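Results of the structural survey
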Amino acid sequence: PIRSAGTQPTGGPGKRGETVTNPVQPAQDAALVFPAVAFNPVRLSVICAAVTAVIAVVAALLGHPTFGLFFGIGMALGLLNALLVRRAVSLITAQDHPLKKKMAVNSATRLLAITAVGLAIAFYFRPMGLGVLFGLALFQVILVLSTSLPVMKKLREGATAEADAASVSNDG
């Protein structure tokens with residue numbers, strides 16, 4: 001039988017054929033749920049400082065020390081963005097009814113501001129100001145790697161522990 005959207009058959013004895021209507025909720029009004037994120041701002045700051053130092057030295061050796069400076073500004077803008085994301089997530093998810101729409105508006109506003117600052121610096125101080133955009137881009141790569149690698153490691157450790165437990169229970 002064909003059912004309308006938002007209905008599901010109920011389970012259980014004596015309830016065959018009955019349907020329960022689930023209210024359809026727009027995605028932007030759905031509850032906001034974030035998993036625990038492996039975000040360590042101190043470790044990320046140290047990595048960014050080290051990468052910036054290497055880029056600054058290489059840029060200076062190539063005769064463009066201001067590129068290294070602007071690259072560092074881009075990394076700092078990226079780190080600022082990541083810290084603001086963490087703050088927004090904690091504030092919005094602490095509410096009784098956190099909404100995805102609030103997070104989306106917050107993200108769009110924050111990204112617009114950081115992009116405008118980065119582009120303004122790149123345009124005003126061109127060509128060396130482009131270092132800001134390179135810094136922002138490389139920061140995103142570092143952020144993804146620094147948060148996803150610990151999660152992947154934990155998942156592998158969990159899978160190994162489950163496999164070990166399964167082999168122990170099968171041996172008995």
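Before reading on, note that the structure itself is shown above.
Let me begin by describing the structure that accompanies this report. Given the structure is predicted, the values throughout are model-derived calculations rather than measurements.

Points about the overall build of the chain
Regarding its fold elements, the chain presents four helices and two strands. Put simply, the chain runs from its N terminus to its C terminus through helices and strands in the order β-β-α-α-α-α. Within the chain, buried positions represent 23% of all 172 residues. Excluding contacts between residues fewer than 6 apart, the proportion of contacts in the chain whose partners are at least 24 apart in sequence is 66%. Of the roughly 11,800 Å² of accessible surface on the chain, 69% is carried by carbon and sulfur atoms.

Some thoughts on a nonpolar patch on the surface
A cluster of nonpolar side chains, contributed by L119, L130, L133 and F134, occupies part of the molecular surface with about 350 Å² of accessible area. Note on placement: L130 falls in helix 4 (residues 130–171). A relative accessible area of 37% places L130 in the partly exposed class.

A look at the nonpolar core
Counting 10 residues, the largest nonpolar core consists of F39, L44, C48, F71, M75, L79, A82, F139, I142 and L143. Counting only elements with at least two residues in this core, the list comes to helix 1 (41–61), helix 2 (65–93) and helix 4. With four residues, helix 2 is the largest single contributor of residues to this core. Apart from the residues within four sequence positions on either side, F71 is in contact with V51, T52, I55, G131, V132, F134, G135 and L138.

Remarks on the environment of V54
Mapped onto the secondary structure, V54 falls in helix 1. Looking at V54, the relative accessible area reads 51%, which means it is exposed. Each C-alpha atom of the pair V54 and G68 lies 8.7 Å from the other, and the pair is 14 residues apart in sequence.

Quick word on the side chain of T147
Note on placement: T147 falls in helix 4. Among the polar contacts made by the side chain of T147, one reaches the main-chain carbonyl oxygen of V144 at a distance of 3.3 Å.

How each quantity is defined
Residues numbered from 1 in each chain as written. Predicted model: local features only at pLDDT ≥ 70, side-chain atom pairs only at ≥ 80, totals over all residues. Heavy atoms only, no water. Helix = DSSP H or I, 4+ residues; strand = E, 2+ residues; numbered from the N terminus. Buried < 20%, exposed > 50% of the residue type's maximum accessible area, 1.4 Å probe, protein only. Contact = heavy atoms within 4.5 Å. Areas by Shrake-Rupley, 256 points an atom, 1.4 Å probe, with all protein chains shown as cover. Patch = residues over 30% accessible without salt bridge, like charges linked within 9 Å, V, L, I, M, F, W, Y side chains within 5 Å. Salt bridge = Lys/Arg side-chain N within 4 Å of Asp/Glu carboxyl O. Core = buried A, V, L, I, M, F, W, Y, C linked by side-chain atoms within 4.5 Å. Polar contact = N/O pair within 3.5 Å; in protein donor to acceptor, adjacent residues only side chain to side chain.

Note that every value here comes from positions in space, so none of it alone points to a role or purpose.
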